[in-house]
Amino acid sequence: MSVHATARITAAPDGRGGTALPVLESAGPLALRRTRAAGATPAHARVTVVGAMSAPLGGDRLALEAVARDGAALTVDAAAAMIALPGRRAGDEPADHAAYDVRLTVGAGAVLHWLPEQLISVTGSDLRTRTRVELGPTARLVLREELILGRHGEAPGTVTSRLTVHHAGRPLLDQQLALGPGAPGGWDGGAVIGGHRAVGQLLVVAPEFEEKTVAPRLLGESAVLTPLSGPGALVTALAPDARALRRVLDDALTDMYR
């Protein structure tokens, strides 16, 4: 039996210099918990997504909506990786694909750090993810996405991922990536991932990038930093495994915020 569920987060200034969470609504496998990082300030709220069941499986339709209202500061992370699993088959019929939609809204002067753990594409799975972001004119965003192609020693499933970002009502970024046996031919070739098992990107949007554009540059042998046409910069990286990928993205974020 497939699961249809939408979890919701809303962060808003509490009037005392901090950020409150007037909406924290778990649903299905997406359990939301307010947590606190060491050294965090009261101005910044943190929510951790805890997997309450195995998901997404084929046929599941999951969604997570997060809103940081004007002046709020919110970090959303996860307790563990998300594992895309095959769904049940009806006789000889192929299993339906799973879908995971993320919708993020960041108001004027608000901050959102979207830092989930890796998505692992398991053999036989078929997952379609879409992340849509709406940013106010002075919003700040740090968004990390990491995809691991298969568990250790196994082939990946099929995954299609699209990221669409609008800033102050104008398009900032719109891109799609399809990998795995159901993707168009050549996905594993030198023009796409070149045999790597880990794929990731880091998007940083900040008002100061309007006047001081980030310079494009290579970050090692298989990662690149690209300025966007607007107050943003995108890091795209390939790596042999999840640990190496996280190191590249963490180093890039530290460098941009130096």
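Along each chain, the written sequence defines residue order, and numbers are assigned to residues from 1. Selection of residues for local features in this predicted model requires a pLDDT of at least 70, selection of side-chain atom pairs for listing and counting requires 80 or more, and totals for whole chains, interfaces and linings are taken over all residues. Side-chain metrics rest on all non-hydrogen atoms present in the structure, leaving aside hydrogens and water.

J.: Even after reading the chapter, I still don't get the pattern of salt bridges, so can you show me in this structure?
T.: In a structure, side chains of opposite charge can pair up when their charged atoms sit close to one another. The rule for a salt bridge is simple: a side-chain nitrogen of Lys or Arg has to be within 4 Å of a carboxyl oxygen of Asp or Glu. Scanning all chains against the criterion turns up 16 salt bridges. Taking the shortest distance from any N to any O, the salt bridge between Arg140 and Glu208 comes out at 2.8 Å. Linking Arg140 in strand β12 (residues 140-149) with Glu208 in the loop between β15 (198-205) and β16 (217-218), this pair joins segments that are 68 residues apart in sequence. Note on exposure labels: buried denotes an accessible area under 20% of the residue type's maximum, exposed denotes more than 50%, and partly exposed covers the range between, all computed with a 1.4 Å probe on protein chains only. Looking at Arg140, the relative accessible area reads 28%, which means it is partly exposed. Residue Arg217 is joined to Asp255 by a salt bridge in which the shortest nitrogen-to-oxygen separation is 2.1 Å. Placement of Arg217 in strand β16 and of Asp255 in helix α1 (residues 242-256) is noted, with a sequence separation of 38 residues between them. On the basis of relative accessibility, which here comes to 29%, the residue Asp255 falls in the partly exposed class. Taken together, the shared-partner salt bridges connect Arg8, Glu25, Glu65 and Arg103 into one network. A run of DSSP states H or I qualifies as a helix once it reaches four residues; a run of E qualifies as a strand once it reaches two. Both are numbered from the N-terminal end.

J.: How should the pairing of strand β2 (residues 19-25) be read in this particular structure?
T.: Consecutive side chains of a regular strand alternate in pointing toward one face of the sheet and then the other. In this sheet, β2 lies alongside strand β1 (residues 4-13) in antiparallel orientation, the contact comprising 5 bridges. Its bridge partner lying in β2, Arg8 is registered against Glu25. Strand pairing requires that DSSP identify at least two bridges connecting the strands.

J.: Teacher, can you tell me more about the sheet that holds strand β5 (residues 61-68) here?
T.: For sheets, the rule is that strands pair by backbone hydrogen bonds, running either parallel or antiparallel. Pairing is mixed across the open sheet formed by 7 strands, whose spatial order is β2-β1-β5-β8-β11-β13-β14. The open sheet has two free edges, formed respectively by β2 and β14 (170-179), since each of these has just one partner strand. This sheet shows a mean twist of 10° between the axes of neighbouring strands, independent of strand direction. Where strand β8 (residues 98-106) lies against strand β11 (residues 126-135), 9 bridges are found, and the strand directions are parallel. Note that in β11 the partner of Arg103 across the bridge is Arg132. Axis lines are fitted through C-alpha atoms, for helices just across the contact stretch, and the angle between N-to-C directions can take any value from 0 to 180 degrees.

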